[in-house]
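A closer look at the structure
Each chain, letter by letter, is given below.
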Amino acid sequence: TSSREKALELSVICAVLSPAGPQRFHILRLLHKDSRTRALETSSLLDALYYSRLLPREHVALVTQTLLPKHATDIVWKDLKQAALEHNILAASAMYKNIFLEDLGCLLDTESREAERTAAKMIFENRMNA
């Protein structure tokens, strides 16, 4: 792959790791509009992010494979897990008007307390409407 393709791919990864919200969506829109991103391994991940689809584990695994070895640390893994959870909460909020926390936890494959804590934080930071 060329250095430009690698830079685009890493841009997608940076967008994945950024906090979910309006600024992130703006970056995703720019990347999604760029025709060069269609040829990247991360194009299906970019589509899922842009169209606010739930991220399956396979997409999260794709991110870890794309990371440079020096970036594949426990801290980055924790950030990636948090970013995927936040994205999936936003995606769920687009699909459901009301949902029980237990059901949200099952949908997101996480504990209901963690889903509640993350959603509350996102609402408090004005990254999601309640």
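That block above? That's the structure.
For the structure given in this document, a descriptive report is provided here.

The rules behind the values
- Residues numbered from 1 in each chain as written.
- Predicted model: local features only at pLDDT ≥ 70, side-chain atom pairs only at ≥ 80, totals over all residues.
- Heavy atoms only, no water.
- Helix = DSSP H or I, 4+ residues; strand = E, 2+ residues; numbered from the N terminus.
- Rg over C-alpha atoms; globule rule 2.2 N^0.38 Å.
- Contact = heavy atoms within 4.5 Å.
- Areas by Shrake-Rupley, 256 points an atom, 1.4 Å probe, with all protein chains shown as cover.
- Lys, Arg positive; Asp, Glu negative; His and termini not counted.
- Charge placed at Lys NZ, Arg CZ, Asp CG, Glu CD.
- Core = buried A, V, L, I, M, F, W, Y, C linked by side-chain atoms within 4.5 Å.
- Buried < 20%, exposed > 50% of the residue type's maximum accessible area, 1.4 Å probe, protein only.
- Salt bridge = Lys/Arg side-chain N within 4 Å of Asp/Glu carboxyl O.
- Phe/Tyr/Trp six-rings, centres within 6.5 Å; stacked < 30°, edge-to-face > 60°.

1. A closer look at the overall build of the protein chain
- In terms of helices and strands, the protein chain carries 7 helices and 0 strands.
- For the protein chain, the N- to C-terminal ordering of α and β elements is α-α-α-α-α-α-α.
- Against the 2.2 N^0.38 benchmark of 14 Å for 130 residues, the protein chain shows a C-alpha radius of gyration of 15 Å, consistent with a compact globule.
- Each of the three principal axes of the protein chain carries a C-alpha extent, and together these read 45 × 30 × 25 Å.
- Look at the contacts in the protein chain between residues 6 or more apart in sequence, and 57% of them connect residues 24 or more apart.
- About 8400 Å² of surface is accessible on the protein chain, with carbon and sulfur atoms providing 55% of the total.
- Distance between charge centres in the protein chain, computed from 17 positive and 16 negative side chains, equals 6 Å.

2. Section: the nonpolar core
- Residues Val12, Val16, Leu31, Leu45, Leu49, Leu55 and Val63 are the most contacted members of the largest nonpolar core, which totals 20 residues.
- The set of elements that each furnish at least two residues to this core consists of α1 (3–17), α2 (22–33), α3 (43–50), α4 (57–66) and α5 (74–95).
- Looking at this core, the element that brings in the most residues is α1, giving 5 residues.
- Each residue touching Leu45, except ones within four places of it in the same chain, is listed here: Val12, Val16, Leu55, His59, Leu62 and Val63.

3. Examining the pattern of salt bridges
- Counted under the stated rule, the structure contains 5 salt bridges.
- Of the charged contacts, one joins Asp109 and Arg57 as a salt bridge, the two residues approaching to 1.9 Å between their closest N and O atoms. A residue pair is termed long-range when its members are at least 10 positions apart, and Asp109 in the loop between α6 (101–108) and α7 (112–124) and Arg57 in helix α4 qualify at 52 residues.
- Taking the relative accessible area as the measure of exposure, Arg57 reaches 62% and is therefore exposed.
- Residues Glu125 and Arg127 are paired through a salt bridge, measuring 2.7 Å at the closest nitrogen-oxygen approach.
- Since its relative accessible area comes to 37%, Glu125 is described here as partly exposed.
- The exposure class of Arg127 is buried, given its relative accessible area of 14%.
- Salt bridges linked by common partners bring Glu86, Glu125 and Arg127 together as one network.

4. A look at the packing of aromatic side chains
- Summed over the entire model, instances satisfying the criterion amount to 2 aromatic pairs.
- Taken together, a centroid distance of 5.5 Å and an interplanar angle of 10° make the contact between Phe25 and Tyr50 stacked. Of this pair, Phe25 sits in helix α2 while Tyr50 sits in helix α3, and the two are 25 residues apart along the sequence.
- Considering the side-chain rings of Tyr50 and Tyr51, the 5.0 Å spacing of their centres and the 80° angle between planes classify their relative orientation as edge-to-face.
- Ring pairing ties together the aromatic residues Phe25, Tyr50 and Tyr51, which thus form one cluster.

5. Concerning unusual backbone geometry
- Here Ser52, not a glycine, exhibits a phi torsion of approximately 55°, which is positive.
- The topology assignment puts Ser52 in the loop between α3 and α4.
- Residue classification places Ser52 among the partly exposed positions, given a relative accessible area of 32%.

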